[in-house]
Amino acid sequence: MSKSSQSSPLSLYKACPQGLGTNGSHACDAATCGSPFQLPSDRQLITHPSKPCKCEQGFGGANCNICQGSTSCQDVRNRSSISGPFTDQLVCHQQPEAVTTTYIDCNVNQKTISAVFPGDIKLTVSKVVLSDNFTETGLASWPSQAGTLLSQLWLDGEEQFYCQASECRQSNSSQAVSTKGSGLGASDYSCRNLECYCIPGTDMCGQGVFDLSPVINHLNGSFSLKCDFFDPATAAGDSACSMNGGELLKTTFGDSGIPLQNCTFGSCLGQNELEIFYANQSVESGPNLNSHLSRAIVGGLVAIGLLIASIFTAILLGIIFHRRATRTEESLARGALGLRWDDLSYRLPEKMPGHRRGKLAKRNILESVSGKLEPGSMVAILGPSGAGKSTLLDILAGRNKSGRISGYISLLHRDAQDHQVTVDDVSKIMAYVDQDDHLPPYSTVREALHFAAKLGLPEAVGSRDRQEEINQVLERLDLLPVAEKMIGDDQTRGISGGEKRRVSIGMALVQRPSILLADEPLSGLDSRTALRVVSSLRDRTRYGSSRWSPASIILTVHQPSSEIFLAFDKVILLAEGQKMFEGKPTDAFLWCASQGHPCPENRSVAEHMVNMAFQPGLFKPSSVREDLVESIVVPSPRQQEEMEEEKALETEVMMARKSCADKVRGPKSKTSTWNQVVTLTERIFKTNARDYSSLLFHILGSVIVGFFIGGCFFRVKTTISGFQNRVGSMFFIFTLSSFSALSAATGLHKERRRMIRERADGFYHPMAWLISHLMFDLLLLRAVPAITLTSIVYWMVGLRSSARAFFEFLIIAVIFNIDMAAYNMILAALFEDLSLAILLSVLGILLNLGFGGFLLNLSNIPGAIHWVQYLCPMKFALEAAASIQLHGLMIQDKVSGLNISISVSAFAPSLFGFKENAYYNDLIVLSLAFLLPFILVLTFTVIWRLKEVR
Ligand SMILES: Nc1ncnc2c1ncn2[C@@H]1O[C@H](COP(=O)(O)OP(=O)(O)OP(=O)(O)O)[C@@H](O)[C@H]1O
């Protein structure tokens, strides 16, 4: 007879459960014979392992709890003539899945345990899903508690320790524990509150070589038992289970837990009870998708859903605004506009010679210059080099200047009814031709004009009208023969310098500006072409249409031919930042004479004027503006009247000194953001399809390097050296990603100058440029190569083969690559000097390599610099990868002749300092603590730094 009075430290063992009794001085320390049809207290104890008693016929297992054979339960009940109003035939349910209570017996097959404790190690389990109503079955009642698990470990028939767990939930899993599993899946039983009691004096708890009591008695946390379903047809007595959980168990034996083999299951049940259970189960386990969805997939789906929703919303809003813009006809036809500037001065701070502390003096570049560009006229600014021509033009065009501007600029309207242009519209009505050409090298001439027309013309202009405009400009500027030729740059030979100049002019003309400002548009052109360009500009000032107003043009020239000189409506001569003359070209002769330097007959007057301007001392002391010009160009009473009228129509639209906010924002773009993004994206993809070297290098490079790394770490084993190679291969992937992300800095730097110029031209907002740049760079130069590299290395190295592990790793690899690229882009946007950006980027890579966790143990970093690791995306990427790849990985090797089998989880945290199960945490850090702030900082840097300051 068994004693069950001895008290146990575990609450569920206060009264011993079925199959256990008390033999010595410790509660529930011995197995019993018989069967569960007998009361636990009535069952005979096995007093010594060498003297086993018999199980009731039809029952077996370490403590005779397991029914064997389909009729065994009914037979015992019949034999023992247990009384009761039984309505149900009993069956032996030989599955791990419990209807109420089921018993499980397994052999423990764990190399480390077996090496330390040689012998026959068995595990017995009572799985109580529901409290039994024993009267229905005739089984002996014992105080079972629903949702609990009771388990005992036996060494050579002697009980060593027992455990309990509560709050258990039973579920089915489609994944079997063993590879040769029946294919029926497994029954999972997950519990909490694990507690164990090591029976003092047993081999494992004090008597043997190792005393496991401190470990066993401190087991805690969650716990699960997963067992393959038993297939009566094929796998009799050969089901496998695995026991997981409890921080200590996990650390010692890994994710797959303690392997259990030759498991048998058994519980006596009523036939009806079993049928009802399966009937209910099939209803409950209908198509419940969620149960199959892992946290990663659900999280991923939500994130993708949100991303798609926000992209969709942005696209929708973009289309709505674009549509609205295409219907707005009002901005197309406006009367001719002109400019008037008064008292314009421009001062630059300059270091004073002889002042060691760098005291600054003000240098006047322009001094109180006034003038006028009459609506529908063409004005030329003449003057020697350094006279201030470009500076004046820049200020009139509203370019961002580094010096101090004072004075006023006003807009003149010829048509009194047409006053709709406001301060905000100024950048929309102007176009500017810069002194230097900054053209897209991989676009054709026609594409460059198309780009300018799409971003410079109002969106209401249809594609046919746009094409017509482009063809007209190509024809007028004699560009038709090279229309389909690539523009080219220093590396790729394209069109000639003069043709480039004309493309720049064409890009301004196709925007149909009301005011065109052109800095040296004729430089580099032969006299015939220059005349042709001037005459087409001249035509623009003369002929308007119902759709287009005539333009007003102001340009700078060095030494125009007489023919060109006379084509201007007015000429302004600048010398050392001061206006010397403003008047008609025909009045210039008279003016020179009035200055005491008449133009010699054999010299062009323009050349003579510029020569005079080289020596401002030659001019008469009284200012030209008030005295001479007025006296020479005496307006008729009719002209005077007109001038008065014009004055009344002046609208003060622009203070020369712009506000701080305007300086940051830059000029207002001429079309909707949607149009800008689409046009820019079209250009960047087209350009890179032509100049595919970068794209090819990234993708081909990742294929070659992928095979190289894959070859070096080919098919890593689960040995100690294999473990090193496994981590090494992941470190290699992230290191390579860090270096390949350097191209993000060079890529942005390559675009930088042209972007600044086009932004200043009002073609687009920097955000539109950034979106298109990121779309190309992050998608084709980061994501695709990262996916290629990871896919090759992953499968060649032989990292975890489950689809989930692969995709989780892939996500980390892509996000890490994008993180590093965004960081490099910030540097390239911040520093104009590429070498500085690269230097800082390489420093960043070194920090990542050092503090990534592979080279330096993260737990042993000295306190003062311990925080540096949190600045390194590689630490989080490697930790996340390790969480997927190393957690629960079993190392099996032979060291000094001793077979070892140990989970990586037992030593990896202390080897690298990585946290366990940190995948989601690290994924969130990489996306929300690195990527998101990087993109925000990049946006801010691009808006703040990539802007023109002259
Ligand atoms: N940001 C600046 N920093 C230093 N000097 C400047 C700056 N902007 C203009 N200057 C100086 O102002 C003067 C006028 O320059 P500007 O470019 O306007 O001359 P320009 O008449 O257009 O000459 P060119 O015909 O050679 O282009 C020059 O001496 C130039 O060095």
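Coordinates for the structure precede this section.
How each quantity is defined
Residues numbered from 1 in each chain as written. Predicted model: local features only at pLDDT ≥ 70, side-chain atom pairs only at ≥ 80, totals over all residues. Heavy atoms only, no water. Near = heavy atom within 4 Å. Polar contact = N/O pair within 3.5 Å; in protein donor to acceptor, adjacent residues only side chain to side chain. Areas by Shrake-Rupley, 256 points an atom, 1.4 Å probe, with all protein chains shown as cover. Helix = DSSP H or I, 4+ residues; strand = E, 2+ residues; numbered from the N terminus. Nonpolar A, V, L, I, M, F, W, Y, C, P; charged D, E, K, R; others polar. Core = buried A, V, L, I, M, F, W, Y, C linked by side-chain atoms within 4.5 Å. Buried < 20%, exposed > 50% of the residue type's maximum accessible area, 1.4 Å probe, protein only. Domains from an automatic or database assignment. Axes fitted to C-alpha atoms, helices over the stretch in contact; angles between N-to-C directions. Left-handed = near helix turned anticlockwise from the far one by under 90°. Contact = heavy atoms within 4.5 Å.

As a matter of local geometry, the ligand sits amid 16 residues, with Ser385, Gly386, Lys389, Ser390 and Thr391 nearest to it. Interatomic distance of 2.8 Å between a side-chain N/O atom of lysine 389 and an oxygen atom of the ligand. Note that an oxygen atom of the ligand is positioned 3.0 Å from one of the side-chain N or O atoms of histidine 558. Protein contacts shield 67% of the accessible area of the ligand, which totals 630 Å² for the unbound molecule. For the shell around the ligand, the secondary-structure elements that each account for two or more residues are strand S15 (360-373) and helix H9 (389-396). Ranked by residues supplied to the shell around the ligand, first place goes to H9 with three residues. Taken together, the residues that form the shell around the ligand break down as four nonpolar, eight polar and four charged.

What follows is about the nonpolar core. The biggest cluster of nonpolar side chains holds 142 residues, and the ones touching the most others in it are Val503 and Phe734. Ranked by the residues each element gives to this core, the list is headed by helix H26 (residues 803-830), at 17 residues. Two domains each put at least three residues into this core: domain 2 (342-659) and domain 3 (692-945). Grouped together as the second largest cluster of nonpolar side chains are 34 residues, Leu219, Met243, Ile258 and Leu260 included.

Turning next to the packing of helix H24 (residues 742-760) against H26. Two elements in contact, H24 and H26, have axes whose closest approach is 7 Å; the angle formed by their N-to-C orientations is 35°. When the axes of H24 and H26 are compared, the crossing they make is right-handed. Contact residues: Leu742, Ala744, Ala745, Leu748, His749 and Arg752 in H24; Ala821, Asn824, Met825, Ala828, Ala829 and Leu830 in H26. Here the residues of the contact of H24 with H26 sort into nine nonpolar, two polar and one charged.

Below, the discussion takes up H9. Along H9, seven of the eight residues are buried, which leaves the element largely enclosed by surrounding structure. All buried positions along H9 are accounted for by Lys389, Thr391, Leu392, Leu393, Asp394, Ile395 and Leu396. The first or second residue beyond H9 is glycine 398, which carries a positive phi of 75°.

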